[in-house]
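Chain residues, written in single-letter form:
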Protein chains: 2
Amino acid sequence: MIPLPVSVTRRTGGFALSGTDPIAAEPGLEGVAAWLRGLIPAGGIGLRLGADLPPEGYVLDVSARGAEIRGGSPAGVFYGAQTLRQLLPAATLRPHRGGGPPLVPAVRIEDAPRFAWRGVLLDVARHFMPVAGVLRFIDLAAFHKLNVLHLHLTDDQGWRVEVPGLPRLTSVGAWRAESMLGSRIHGRYDARPHGGFYTADDLREIVAYAAERHVTVVPEIDMPGHMQAAIAAYPELGSGAAREVRTSWGISKHVLNVREETLDFCREVLDHVCAIFPSELIGIGGDECPADEWNDPAARERIAAEGLAGPAGLQAWFTARMAEHLASRGRRVFGWDEILAGGAPAGATIAAWRGTEPAVLAARSGHDVVSCPDNSAYLDYRQSDDPGEPTPVGTLLTLADVYAFEPVPAGLTDREAERIIGAQANVWTEHMESQRRVDYQTYPRLCALAEVAWGPRRRDLADFEARLGPHLGRLDALGVGYRPPSGPRPGDARPGAPGHPRDLADRLAEVHEMTADLRAPRLTPKAGA
Amino acid sequence: MIPLPVSVTRRTGGFALSGTDPIAAEPGLEGVAAWLRGLIPAGGIGLRLGADLPPEGYVLDVSARGAEIRGGSPAGVFYGAQTLRQLLPAATLRPHRGGGPPLVPAVRIEDAPRFAWRGVLLDVARHFMPVAGVLRFIDLAAFHKLNVLHLHLTDDQGWRVEVPGLPRLTSVGAWRAESMLGSRIHGRYDARPHGGFYTADDLREIVAYAAERHVTVVPEIDMPGHMQAAIAAYPELGSGAAREVRTSWGISKHVLNVREETLDFCREVLDHVCAIFPSELIGIGGDECPADEWNDPAARERIAAEGLAGPAGLQAWFTARMAEHLASRGRRVFGWDEILAGGAPAGATIAAWRGTEPAVLAARSGHDVVSCPDNSAYLDYRQSDDPGEPTPVGTLLTLADVYAFEPVPAGLTDREAERIIGAQANVWTEHMESQRRVDYQTYPRLCALAEVAWGPRRRDLADFEARLGPHLGRLDALGVGYRPPSGPRPGDARPGAPGHPRDLADRLAEVHEMTADLRAPRLTPKAGA
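Residues numbered from 1 in each chain as written. Chains lettered and ligands numbered in written order. Predicted model: local features only at pLDDT ≥ 70, side-chain atom pairs only at ≥ 80, totals over all residues. Heavy atoms only, no water.

Caption draft 1: The arrangement of the overall build of chain A in detail. If you tally the helices and strands in chain A, you get 18 helices and 20 strands. For chain A, whose C-alpha radius of gyration is 24 Å, the value lies close to the compact-globule estimate of 24 Å for 529 residues. Its C-alpha atoms put chain A at 75 × 50 × 45 Å along the principal axes. Here chain A holds 529 residues, and 62% of them are scored as buried. In chain A, once contacts between residues fewer than 6 apart in sequence are set aside, the share between residues at least 24 apart is 72%. When the accessible surface of chain A is totalled, it reaches about 18600 Å², and 54% of it is carbon and sulfur. When the 55 positive and 66 negative side-chain charges of chain A are each reduced to one mean point, those points stand 3 Å apart. (Helix = DSSP H or I, 4+ residues; strand = E, 2+ residues; numbered from the N terminus. Rg over C-alpha atoms; globule rule 2.2 N^0.38 Å. Buried < 20%, exposed > 50% of the residue type's maximum accessible area, 1.4 Å probe, protein only. Contact = heavy atoms within 4.5 Å. Areas by Shrake-Rupley, 256 points an atom, 1.4 Å probe, with all protein chains shown as cover. Lys, Arg positive; Asp, Glu negative; His and termini not counted. Charge placed at Lys NZ, Arg CZ, Asp CG, Glu CD.)

Caption draft 2: How the structure looks around the pairing of strand S17 (residues 368–371) of chain B. Residue and element names in this part refer to chain B. What you see with S17 is no split at all: Asp368 and Val370 on one side and Val369 and Ser371 on the other are buried throughout. Sheet topology note: the strand S16 (residues 349–352)/S17 ladder contains four bridges and is parallel. Bridging from a neighbouring strand, Ala351 pairs with Val370 of S17. Where the polypeptide runs from S16 across helix H10 (residues 357–364) and back to S17, its parallel neighbour, the crossover connection is right-handed. Where S17 meets strand S19 (residues 420–427), three bridges bridge the pair, whose relative direction is parallel. If you follow Val370 over to S19, its bridge partner there is Gly422. (Pairing = 2+ DSSP bridges. Right-handed = clockwise from strand over helix to strand, strands pointing away.)

Caption draft 3: Structural context of the interface of chain A and chain B. At the interface, 37 residues of chain A touch 37 residues of chain B. Buried area between chain A and chain B, both sides added, is near 3000 Å², and the carbon and sulfur share of it is 54%. Taken together, the connections running from chain A to chain B amount to six salt bridges. If you list the elements that add at least two residues to the side of chain A that touches chain B, you get helix H3 (131–143), strand S12 (194–195), helix H5 (200–212) and helix H16 (461–477) of chain A. With seven residues, the top contributor of residues to the side of chain A that touches chain B is H5 of chain A. (Buried area = accessible area lost by both parts, 1.4 Å probe. Salt bridge = Lys/Arg side-chain N within 4 Å of Asp/Glu carboxyl O.)

Caption draft 4: Spotlight on the environment of Ala81 of chain A. All names here are of chain A. Turning to its location among the elements, Ala81 is positioned in helix H2 (residues 74–87). The buried category is assigned to Ala81, whose relative accessible area is 0%. Note: C-alpha distance between Ala81 and Ala462 (381 residues apart in sequence) is 26 Å. Apart from residues no more than four positions distant in its own chain, Ala81 is found in contact with Trp35, Leu36 and Ile69.

Caption draft 5: Molecular detail of the packing of aromatic side chains. Residues and elements named next belong to chain A. According to the stated counting rule, one finds 22 aromatic pairs over all chains in the structure shown. The interplanar angle of 20° and the centroid separation of 4.3 Å between the aromatic rings of Tyr403 and Phe464 together place this pair among those described as stacked. Here Phe464 lies in helix H16 and Tyr403 lies in helix H12 (residues 399–403), a separation of 61 residues in the sequence. The two residues Tyr403 and Phe464 agree in class, both being buried. (Phe/Tyr/Trp six-rings, centres within 6.5 Å; stacked < 30°, edge-to-face > 60°.)

Caption draft 6: View of the relation of the copies chain A and chain B. In screw terms, the move from chain A to chain B is a rotation of 180° and a rise of 0.0 Å along the axis, fitting with an RMSD of 0.0 Å. One copy is carried onto the other by what is essentially a two-fold rotation axis. Ranked by how close their C-alpha atoms come to the rotation axis, the residues of chain A are headed by Gly38 of chain A, at 3.4 Å. Taken together, the interface assignments show that 100% of the residues at the interface of chain A recur at the interface of chain B, consistent with an identical surface on both copies. (Least-squares fit on C-alpha atoms with pLDDT ≥ 70 in both.)

Caption draft 7: Geometry of unusual backbone geometry. With an omega of 5°, the peptide bond running from Tyr443 of chain A to Pro444 of chain A counts as cis. Among the structural elements, Pro444 of chain A can be located in the loop between helix H14 (435–442) and helix H15 (445–454). Phi at Lys145 of chain B takes a positive value of approximately 65°, unusual for a residue other than glycine. By the element assignment, Lys145 of chain B lies in the loop between helix H3 (131–143) and strand S8 (148–152). The phi angle at Glu288 of chain B is positive, at roughly 45°, despite the residue not being glycine. Summarising the element assignment, Glu288 of chain B is placed in the loop between strand S14 (281–285) and helix H8 (297–306).

Caption draft 8: Expanded view of the environment of Val370 of chain A. Residue and element names in this part refer to chain A. Within the secondary structure, Val370 is located in strand S17 (residues 368–371). For Val370, a relative accessible area of 0% translates into the label buried. A sequence separation of 367 residues divides Val370 from Pro3, and the C-alpha atoms of the two residues are 19 Å apart. Filtering out sequence-adjacent residues up to four positions away, Val370 remains in contact with Trp117, Phe334, Thr349, Ile350, Ala351, Ala352, Ile421, Gly422, Ala423 and Gln424.

Caption draft 9: A look at the sheet that holds strand S6 (residues 103–111) of chain A. Residues and elements named next belong to chain A. With mixed pairing, the six strands of this open sheet are ordered in space as S1-S6-S4-S5-S3-S2. Each having just a single partner strand, strand S1 (7–16) and strand S2 (24–25) make up the two edges of the open sheet. Bridge analysis of S1 against S6 gives seven bridges, and the strand direction is antiparallel. Looking at S6, one finds that Phe15 is bridged to Val104. H2 contacts strand S3 (45–49), strand S4 (58–63), strand S5 (66–71) and S6 of the sheet and is inclined by roughly 40° relative to S4. (Axes fitted to C-alpha atoms, helices over the stretch in contact; angles between N-to-C directions.)

Caption draft 10: Inspection of the pattern of salt bridges at higher detail. Under the definition given, this model contains 84 salt bridges over all chains. Among the salt bridges present, the one from Asp202 of chain A reaches Arg94 of chain B, with a minimum N-O distance of 2.9 Å. Of this pair, Asp202 of chain A sits in helix H5 while Arg94 of chain B is found in the loop between helix H2 (74–87) and strand S6 (103–111), placing the two residues in two different chains. Considered together, Asp202 of chain A and Arg94 of chain B belong to a single accessibility category, that of buried residues. Its salt-bridge partner being Asp139 of chain B, residue Arg213 of chain B comes within 2.7 Å of it at the nearest N-O pair. Placement of Arg213 of chain B in the loop between helix H5 (200–212) and strand S13 (216–223) and of Asp139 of chain B in helix H3 is noted, with a sequence separation of 74 residues between them. Residues joined by salt bridges that share partners form a network here, namely Glu260, Asp264, Arg267, Arg302 and Glu306 of chain A.

Caption draft 11: Representation of the packing of H3 of chain A against H5 of chain A within the structure. All names here are of chain A. Running from amino to carboxyl end, H3 crosses H5 at an angle of 15°, the nearest separation of the two axes being 10 Å. Our classification of the angle between H3 and H5 gives roughly parallel. Where H3 crosses over H5, the two elements pack in a sense that is right-handed. For the pair H3 and H5, the contacting residues are Val131, Val134, Leu135, Ile138 and Asp139 in the first and Asp202, Glu205, Ile206, Tyr209 and Ala210 in the second. Here the contact of H3 with H5 is built from residues that sort into seven nonpolar, no polar and three charged. (Parallel < 35°, antiparallel > 145°, perpendicular 65-115°, else oblique. Left-handed = near helix turned anticlockwise from the far one by under 90°. Nonpolar A, V, L, I, M, F, W, Y, C, P; charged D, E, K, R; others polar.)

Caption draft 12: Local environment of the side chain of Asp222 of chain B. Residue and element names in this part refer to chain B. As for its position among the elements, Asp222 is in strand S13. One buried charged residue, Asp222, forms no salt bridge at all, with the nearest opposite charge on Arg126 at 6.6 Å. A distance of 3.3 Å separates a polar atom in the side chain of Asp222 from the backbone nitrogen of Gly286. In this structure Asp222 touches His152, Thr154, Asp155, Met227, Ile284, Gly285, Gly286, Asp287 and Trp336, once residues within four positions along its chain are discounted. (Polar contact = N/O pair within 3.5 Å; in protein donor to acceptor, adjacent residues only side chain to side chain.)

Caption draft 13: Region of the structure containing the packing of H3 of chain B against helix H14 (residues 435–442) of chain B. All names here are of chain B. Axis separation between H3 and H14 bottoms out at 11 Å; the angle between their running directions is 20°. One finds that H3 runs roughly parallel with respect to H14. As H3 packs across H14, the resulting crossing turns out to be right-handed. Here Gly133, Arg136 and Phe137 of H3 come into contact with H14, specifically with Gln435, Val438, Asp439 and Thr442. Partitioned by chemical class, the residues of the contact of H3 with H14 number two nonpolar, three polar and two charged.

Caption draft 14: How the structure looks around the sheet that holds strand S1 (residues 7–16) of chain B. All names here are of chain B. Ordered in space as S1-S6-S4-S5-S3-S2, the six strands form an open sheet in which the pairing is mixed. The sheet terminates laterally at S1 and strand S2 (24–25), the two strands that pair on one side only. Its contacts with the sheet place H2 against strand S3 (45–49), strand S4 (58–63), strand S5 (66–71) and S6, and it is angled at close to 40° to S4.

Caption draft 15: The arrangement of the pairing of strand S14 (residues 281–285) of chain A in detail. All names here are of chain A. Most of S14 sits out of view: five of its five residues are buried. Burial along S14 is two-sided: the residues Leu281, Gly283 and Gly285 and Ile282 and Ile284 are all buried. Relative to S14, strand S13 (residues 216–223) runs parallel, the two sharing two bridges. In the sheet register, Met223 faces S14, and the bridge partner there is Gly285. Here four bridges tie S14 to strand S15 (residues 332–336), and the two strands are oriented parallel to one another. Its bridge partner being in S15, Ile282 is matched across the sheet by Val333.

As structure tokens, then:
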């Protein structure tokens, strides 16, 4: 089973699931029962709530008489049912396979997650993924007991959310003329337009589908940088220099200006997002915002008027305005660790991606932290040194490396450590032009991340690898195109889209340099222009 | 509604589907009930069998008291339920949308299909489609009351079936080094390996999923031509000249030799296919087999020994051997109209693709015929003259052109016309590298083909187009990336993969020439070498 439950007591015997007997569910568990009914032969399963259990915890008891799942909440019961699915023969995961009633081995499992936030980011901006693919991505994440989908909806290379009253965001911003083939250092392009977007109905379906699987969708509208697609649609949002949706990877210098009308645009978009996504946390990005265009008169005027410490202070001011607006809607900011520079808004949750330092700083500053350092959790990074790996970029990030990831950095007090609310893997899709490539980069490394986020702090790689064998049989049954343990298949290589492997020491040095401003004396508004 | 039912009588009022009341189903209809239960709120629907109705026919009665579906068989009830789904608001087709109980308008519908074979071919050889995509393709076809998936599993460019004892078919034959970008006349390649294959479990899942939707999967192993992928895996099957899976589109000259061991290979593969696919008809292709390599000594020896009329007679002899083998397994041959040359085996069903002449000849020779002429039913052909159409190939084949397709050629007697058992659209995927492109090429033209195959012989395009508007709302809800009626979107063009539009008159002349051998005096075995 993956992730490994807290306690598993195997017994002799078992019982055969069968019959048309409906699943017996206590009031409040109708949703879990309906979901489960569609997946496995029903007879002999009881679902109950147990007030003594942690909210996401459960106890699964299988005896010769049947299976009982008690959970601290519907989510706990749901996780117990996911564990039950993993106890069945892998073929049972093909709902259309047929065959006799599967035998469930007798067992008692007591389980609860280590972290409350067990997340995965999906970047649908660099490559659009149709709704059906997103639903499948969520279903597979939930199978591994993840509970957050961080949906990266906008970026320089594409805007994916239809917003009423702003039609050019999708008629223009959702499409780019072509895409790079491989790492940007090679400057190759594919002469293939790309794009797509989600309607409000599409996004509501994604939210409802995820909710049925106890997954919260945290949307992200990246601002004030990573906004070239929106600026291409509405040039008045920027400096006037960006006229098209970005076709190259990397970071655009064309960022939002800080006119009040532009802030109003952001508020309008966030209002639409809040109307669709019930998540308390709303992502506003805040990462990688070059200041080149913040030397224009409007920005200087704003800096002077607000008494800010230059562009860095300006970004903190911008973030604070968005935080105020979200707060007025009962929401909180979710942002990348760059927003710590200049002081992040109170109540903001930080996605710490640049090593461990930002996580430490954020926790000590009283922010909740989601750990997702690139060297441990960026699933676009190459999985091996095999020359057949498709578009190898980033540092080497093997399955074992992900498994070794510890979300709580060393050196925190117990109280500070409680601020680390979880771990997340990030699926950036510059080099994942298809669902098959997403599968290849995501699995089985997301299995390892799931165990990092759910399972015990002390983990045993050999034991995980032993469990992974049968688990890959489950992924086969679920139709997941994971990277085989033996390495890439002939069709996985992408010689036409060359990569750019990085050395870990070099990357660590680069990250250290990137985070220099976090180590500088804290910038605060009104500290002087 | 698409396809249009035979008779629709609207009444006033309606009733609200709701409640947890299970669908009431007569014995024998549990499968339809289980399928339907997962899709729409249940309460108040009765499913019954009616011996007075045609097997695939149904009567759907909706009144203020509820909905009743009577069908001539479970398939008929299934089609009634599909019609019911189309009566609901489109949003109801998103099972995860939520919202209140939908109102069904009161109506009486009496319906039955015109043709028994309502097919669509999916080519998974030129571009592999993962299992989840195939299941979705089937689900969408069944939504349009199609009942046959012709699954083109092997070709020069890839072999997609794992066969026990023949591991190189998939370790070698399932992968090609790269693919062409656009029409082969441009000679462009993408430097991107491609491949994939289905395990027996994968195929069984596809069969079971299709069966639940009353779709028969007719597998095709194309032989003796279109075999370069298998020959690359096992060179002894060919002349020794083909050493790799074909990377260019078009027809390979490297075909199977006619040694007895090679025929045994074919029989072994067909046995495996028969073990997985319950379809009585088994596709053996037979199309486009160049005779270049059939001048070798082994072929000449065979021709002399059997007293055949050269290579054409040799192919008829080969087909007869395969037909004998399939007959010994209780199956029948399904082949392209090329197998008519030299005389097709008795009981063979012909897929007539080269204009109407082969359909006429086959029907007059006593063969069942599936009409799928390229100019009317090849969905890789370009949908418009818009320069934004992706990789425009073939003749112009608009939605209206498909809608105008008449599967029964003129000039047949009533008795001969009965041999035309149906119509089929063919989705050849040379230029469909993703599910999104498959969606774009397939819809909405497959809606038109569905109405050709199910609906009345006399059709009204304006009426169809009026119904198509709301139907596209259903496809939106189902997540189908159809071609918008307004034309291609910015991301649909593929300037890097240029096409090769054809003129209809030219193509008709070419097809006339290609079918010359069907007009020649019939070749029969033992007619002299």
